[in-house]
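# Understanding the architecture of this molecule
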Amino acid sequence: MGNRLFIFDTTLRDGEQVPGCQLNTIEKIEVARQLEKLGVDVIEAGFPISSPGDFNSVIEISKAVTWPTICALTRAVERDIDVAVESLQYAKHKRIHTGIGTSDTHIKYKFNSTREGIIHRAVAAVKYAKKYVEDVEFYAEDAGRTDNEYLARVIEAVIKAGATVVNIPDTTGYCLPQEYGEKIKYLMEHVDGIDRAVISTHCHNDLGMATANTLSGVINGARQVEVTINGIGERAGNTSLEEIAMIMKCHPSLNIETNINTQKIYPTSRMVSGLMNMPVQPNKAIVGKNAFAHSSGIHQDGVLKDSSTYEIMDPKDVGVDDNAIVLTARSGRAALKYRLNVLGVKLKNEQKLDSLYRKFLKLADQKKEIHDDDILMLAGADTADAHAVRLDFLQVTTGMGVRSVASIGLDISGQKFEAASTGNGPVDAAIKAMKKIIQKKMTIREFTIQAISKGSDDVGKVHMQVEYNNNLYYGFGANTDIVTASVEAYIDCINKFKN
């Protein structure tokens, strides 16, 4: 059995399905290029038939990266495969990822079919895809809850039809690690021709076992893992790329190697977190801000004497700069540019740096120290300058025993508008004033405030979900003033409305 483990990254497909985490094509290209630097073998670039945006993203990502295989997802439907083939036309190395549900639950309720009918559709899809590309991956959706004997029949049939990779997803995150490992082992031992294909894992984290299940699959013969940066993904997320990569690095006894440049892990994590407006939990393994922090006196004493007492890996191995420069109002452009590079943010030109530096100084005047999340917030907010609706000014009067009043000014495609309103609190007043200018029937469905770090001068992040014309739009705002951050999040939603 080979000791090379292929890393299949689905951050731009499965990860991007998380509500509020949608990226535009330019942002997806930025992430794809970073994934290439990280060393992933396969980039699942999207589900082309699902939307024109996904289709275009697969095309542009195919042009932007060189050596990774570009993968496009489809259902076991000829039209899906046709569109995927078209989207992959510029890929240097291309793969179609097609498949169908194989559990009795899916067969009965999703497809209203039979076991034999599903095998027939699976084989037909693989044969059809094989006409256009050599590299065809087949996924057996809900394999985690599929009877092993039947699953083996499906996998044997699709390998005979030409599948080069067979994906065994624990779609609902239901399996126990031993159970999932035994499933992979069963396929290794009972599928005729299994040596002609690579077995892939795709585990979800609904019960917190995605990484454990993936590792169990690898130990039992899987040689591709489907993962995402920071473990993002639908519901509770997917297996984390960084966890699998560092498990392999920290356990040489497994004798399994990846192509991952682990020193690129942290900057990639920060980039994805910033672009998707999805904070990394502080205690997240490998990339959380507390991953290498020690507050216990006993731990601190041990680490200071020898880091190996409580650290099984060097922070620098994952790209964490433990000699981080603290940025303040007295920091220059060079220090800001250095920190942006550490965080994986590349600016197009000096004008972008100048623009960001001006915003940095403005924020530094309001805060004593500038943290990494502050910098990522500024870098992300910098793209808002091109939006149709922008905030010109906001003035709010509020206090105990008085009704809040807000006065707001908006720039809409170069035209200036002003309005004022009262409300039940400063945020309510500001949004009501904005609605007087933008006269659309909008309803806030979700409103979340999050502090970036600690302190009264902290930058607050606001995530908002707004319903308009029966569609949901997600917005993001960040500011030391939480009312301003709320208004910016609302404006972010408005700028995404489809007319």
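Residues numbered from 1 in each chain as written. Predicted model: local features only at pLDDT ≥ 70, side-chain atom pairs only at ≥ 80, totals over all residues. Heavy atoms only, no water.

### Structural notes on the sheet that holds strand β1 (residues 6-9)
Ordered in space as β1-β2-β3-β4-β5-β6-β7-β8, the 8 strands form a closed barrel in which the pairing is parallel. Within this sheet the neighbouring strands show an average axis-to-axis angle of 25 degrees, counted without direction. For strand β4 (residues 94-101) and strand β5 (residues 135-141), the ladder comprises 7 bridges, and the chain directions are parallel. Looking at β5, one finds that Gly-99 is bridged to Tyr-139. (Pairing = 2+ DSSP bridges. Helix = DSSP H or I, 4+ residues; strand = E, 2+ residues; numbered from the N terminus. Axes fitted to C-alpha atoms, helices over the stretch in contact; angles between N-to-C directions.)

### Thoughts on the pattern of salt bridges
Tallying each qualifying case throughout the model produces 26 salt bridges. Residue Glu-60 is joined to Lys-63 by a salt bridge in which the shortest nitrogen-to-oxygen separation is 3.5 Å. One end of the pair, Glu-60, and the other, Lys-63, are both in helix α2 (residues 52-64), 3 residues apart, so they sit about a helical turn from each other. We classify Glu-60 as partly exposed; its relative accessible area is 23%. Taken together, the shared-partner salt bridges connect Arg-390, Asp-392, Asp-411 and Lys-416 into one network. (Salt bridge = Lys/Arg side-chain N within 4 Å of Asp/Glu carboxyl O. Buried < 20%, exposed > 50% of the residue type's maximum accessible area, 1.4 Å probe, protein only.)

### Brief notes about unusual backbone geometry
A positive phi is found at Asn-255, a non-glycine position, where the angle reads about 55 degrees. Residue placement: Asn-255 occurs in the loop between α9 (241-250) and α10 (265-275). We note that Ile-286 has phi near 75 degrees; this positive angle belongs to a residue other than glycine. Structurally, Ile-286 is set in the loop between α10 and α11 (297-305). Classification of Ile-286 as buried rests on a relative accessible area of 9%.

### Details of a nonpolar patch on the surface
A surface patch of nonpolar side chains, amounting to about 310 Å² of accessible area, comprises Ile-444, Phe-447, Ile-449 and Ile-482. Among the elements that take part in the nonpolar patch, strand β12 (residues 442-451) stands out by supplying 3 residues, more than any other. Position of Phe-447 among the secondary structure elements: in strand β12. Under the relative-accessibility criterion, Phe-447 is labelled partly exposed at 36%. (Patch = residues over 30% accessible without salt bridge, like charges linked within 9 Å, V, L, I, M, F, W, Y side chains within 5 Å. Areas by Shrake-Rupley, 256 points an atom, 1.4 Å probe, with all protein chains shown as cover.)

### Notes on the packing of aromatic side chains
Enumeration according to the criterion identifies 4 aromatic pairs in this entry. Measuring from centroid to centroid gives 5.4 Å for Tyr-128 and Tyr-132, while their planes differ by 70 degrees, and the two rings are edge-to-face. A centroid spacing of 4.3 Å and a plane angle of 15 degrees characterise the contact between Tyr-468 and Phe-497, whose relative ring orientation is stacked. In this pair, Tyr-468 is assigned in strand β13 (residues 460-468) and Phe-497 in the segment after α16 (482-494), connecting sequence segments 29 residues apart. Positioned over the ring face of Tyr-90 is Lys-63, at 4.6 Å from the centre of the ring. (Phe/Tyr/Trp six-rings, centres within 6.5 Å; stacked < 30°, edge-to-face > 60°. Lys NZ or Arg CZ within 6 Å of the ring centre and 35° of its normal.)

### Quick look at the nonpolar core
The biggest cluster of nonpolar side chains holds 110 residues, and the ones touching the most others in it are Ile-70, Phe-138, Ile-155, Ile-168 and Ile-265. It is helix α6 (residues 148-161) that contributes the most residues to this core, 9 residues altogether. Sequence-distant contacts of Ile-155, defined by excluding residues within four places in its chain, comprise Phe-138, Val-166, Ile-168, Leu-187, Val-191 and Ile-194. Grouped together as the second largest cluster of nonpolar side chains are 27 residues, Ala-406, Ala-429, Ala-430 and Met-434 included. (Core = buried A, V, L, I, M, F, W, Y, C linked by side-chain atoms within 4.5 Å. Contact = heavy atoms within 4.5 Å.)

Everything listed here is a matter of geometry and, on its own, says nothing about what the molecule does.
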